[in-house]
Amino acid sequence: MGAGQLAIDGGTPVREEPLPYGRQTVGDGDIAAVEQVLRSGWLTTGPAIETFEKAITEFTGAGHAVALSSGTAALHAMTSVLELGPGDEVIVPSITFAATANAAVFVGATPVFADVDSRTLLIDPESVAALITPSTRAIIAVDYAGQPADYDALESAIAGRQIELLSDSCHAVGSSVDGSPVCKRAGMTTLSFHPVKHLTTAEGGMVLTDRADWAARARAFRSHGMNAPHQDRTAGATWIYEIDTLGYNYRMSDIHAALGRAQIDMLPEWISRRRRIAEIYDGAFAASELCAPLQNRPGVVNSYHLYVLRLALTRLTADRQRIFEALHAEGIRVNVHYIPVHLLRYYRDQFGTSKGQCPVAEKAYQEIISLPIFPAMSDGDVADVVTGVNKVLEHCRR
Ligand SMILES: *Cc1c(COP(=O)(O)O)cnc(C)c1O
């Protein structure tokens, strides 16, 4: 394939200017929206929060949206709203960002790691079914990479039991299955607005739910557990509030919310662009002997936070480490999502998790790389990634 010498061995890199795996897009409208807040007199707990929450409910179809200071705070809100605690078990997939499992630990509950489906790396409903005990109180499914988890099968797995199905949808705003958005499939759903996600507030997150009581509790939770927001106290000319439950300061500022609100205008276009980039990658790699894209389940619209490629290591002379380094040398800054959470030292030490517990996740972890995917990538950038991956993999063909 005329690949030439690899950059890692002294050859010419595919790209001079490295391409990151993800990057935010911030336009003049975003900057103007932030400036307007800075000049408005309300820097936090002002009107921009409600405006952003309303825009997110309109975009996602959720009944209620509660903005928080991060996706992690939103996950913590979910486990707190359900009053989970010591003795309670929360089932999470092994392949996710650690925050999903940490949300159980924050409230003193025990995270239990389910294996994933090898085709999609989504939480495996059969593994979940096998892990359910009388102490299981919740499942946090993760819409990994942007594809909705198999909520139908998860619902069947918990049918007739008092177990809440929750969604960590930090990868998947705008995704759907059989025409219904993911936030309609779980009791509560979290979003993240970190810069690598679909839309950003710099740091920020959201809890989505159709239940007004849960939304109210999440709202109290983000501000010390206080039962009366400052606006209500001002309107009622009173300083009185009550604290019934413990809360935190997990508020989003109006500066962040204004940025998020402005970003939503671009979201449909950005998701289309992500999906188009994924389509080009699928076309380039679906027939490859040396790697394979993840599969999409029937009926899903994947909003592609990540594009994950699995390396066919038995057909390659190099391992993922070497291929990762070779791609970086070519200027293609691939990443890996994720180290299985049950293999992280904290979980091994505190919860006695160990290797062998989630064999599908552990095997997949050796094989996965996340290719660059973000809306501002040009067709030339996408072509460079394809060229770089093919160059490195062909070079390592066994
Ligand atoms: C990004 C992310 C989070 C955490 O979001 P932050 O806003 O960074 O706190 C949680 N879960 C998953 C799956 C994520 O990708």
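Above this note sits the structure.
**Focus: the packing of aromatic side chains**
Under the counting rule described, the total for this entry stands at 13 aromatic pairs. Measuring from centroid to centroid gives 5.2 Å for Y346 and Y347, while their planes differ by 90 degrees, and the two rings are edge-to-face. Residue classification places Y347 among the buried positions, given a relative accessible area of 1%. Taken together, a centroid distance of 5.6 Å and an interplanar angle of 25 degrees make the contact between Y347 and F351 stacked. Note that Y347 and F351 are positioned in helix α12 (residues 345–351) at a spacing of four residues, about one turn of the helix. Of the residues examined, F351 reaches a relative accessible area of 29% and is grouped as partly exposed.

**Some remarks on the packing of helix α2 (residues 47–60) against helix α9 (residues 254–264)**
Two elements in contact, α2 and α9, have axes separated by 8 Å at closest approach and are oriented at 30 degrees. When the axes of α2 and α9 are compared, the pair comes out roughly parallel. Where α2 crosses over α9, the handedness of that crossing is left-handed. In contact with P47, A48, I49, T51, F52, A55, I56 and F59 of α2, α9 contributes D254, A257, A258, G260, R261 and I264. Of the residues assigned to the contact of α2 with α9, the class counts are 10 nonpolar, two polar and two charged.

**Section: the site of the ligand**
Surveying the vicinity of the ligand reveals 15 residues, the closest of which are G71, T72, D168, S192 and K197. At a separation of 3.3 Å, an oxygen atom of the ligand approaches a polar side-chain atom of Y338. Computed on the free molecule, the ligand has an accessible area of 380 Å², of which 92% lies beneath the protein chains in the complex. Only α3 (71–81) and α4 (99–106) provide two or more residues apiece to the shell around the ligand. With three residues, the single largest contributor to the shell around the ligand is α3.

**Some thoughts on the side chain of T96**
Relative to the helices and strands, T96 resides in the loop between β2 (89–93) and α4. Not counting residues up to four positions away in its chain, the partners in contact with T96 are V142, D168, Y338, I339 and V341.

**With respect to the sheet that holds strand β1 (residues 64–68)**
A sheet is described by the order of its strands in space; here seven strands give the open sequence β1-β9-β8-β5-β4-β2-β3, paired in mixed fashion. Strands with a single pairing partner mark the edges of an open sheet, and in this sheet they are β1 and β3 (110–114). Strand after strand, the sheet turns through a mean of 25 degrees between neighbouring axes, direction not considered. Relative to strand β9 (residues 205–209), β1 runs antiparallel, the two being bridged by five bridges. Paired with V66 across the two strands is V207, which belongs to β9. The sheet strands contacting helix α6 (residues 151–158) are β4 (136–142) and β5 (164–168), and the helix crosses β5 at an angle near 150 degrees. Helix α7 (residues 212–221) rests against β1, β5, β8 (188–192) and β9 of the sheet, and its axis sits at about 15 degrees to β1.

Parameters at a glance
Residues numbered from 1 in each chain as written. Predicted model: local features only at pLDDT ≥ 70, side-chain atom pairs only at ≥ 80, totals over all residues. Heavy atoms only, no water. Phe/Tyr/Trp six-rings, centres within 6.5 Å; stacked < 30°, edge-to-face > 60°. Buried < 20%, exposed > 50% of the residue type's maximum accessible area, 1.4 Å probe, protein only. Helix = DSSP H or I, 4+ residues; strand = E, 2+ residues; numbered from the N terminus. Axes fitted to C-alpha atoms, helices over the stretch in contact; angles between N-to-C directions. Parallel < 35°, antiparallel > 145°, perpendicular 65-115°, else oblique. Left-handed = near helix turned anticlockwise from the far one by under 90°. Contact = heavy atoms within 4.5 Å. Nonpolar A, V, L, I, M, F, W, Y, C, P; charged D, E, K, R; others polar. Near = heavy atom within 4 Å. Polar contact = N/O pair within 3.5 Å; in protein donor to acceptor, adjacent residues only side chain to side chain. Areas by Shrake-Rupley, 256 points an atom, 1.4 Å probe, with all protein chains shown as cover. Pairing = 2+ DSSP bridges.

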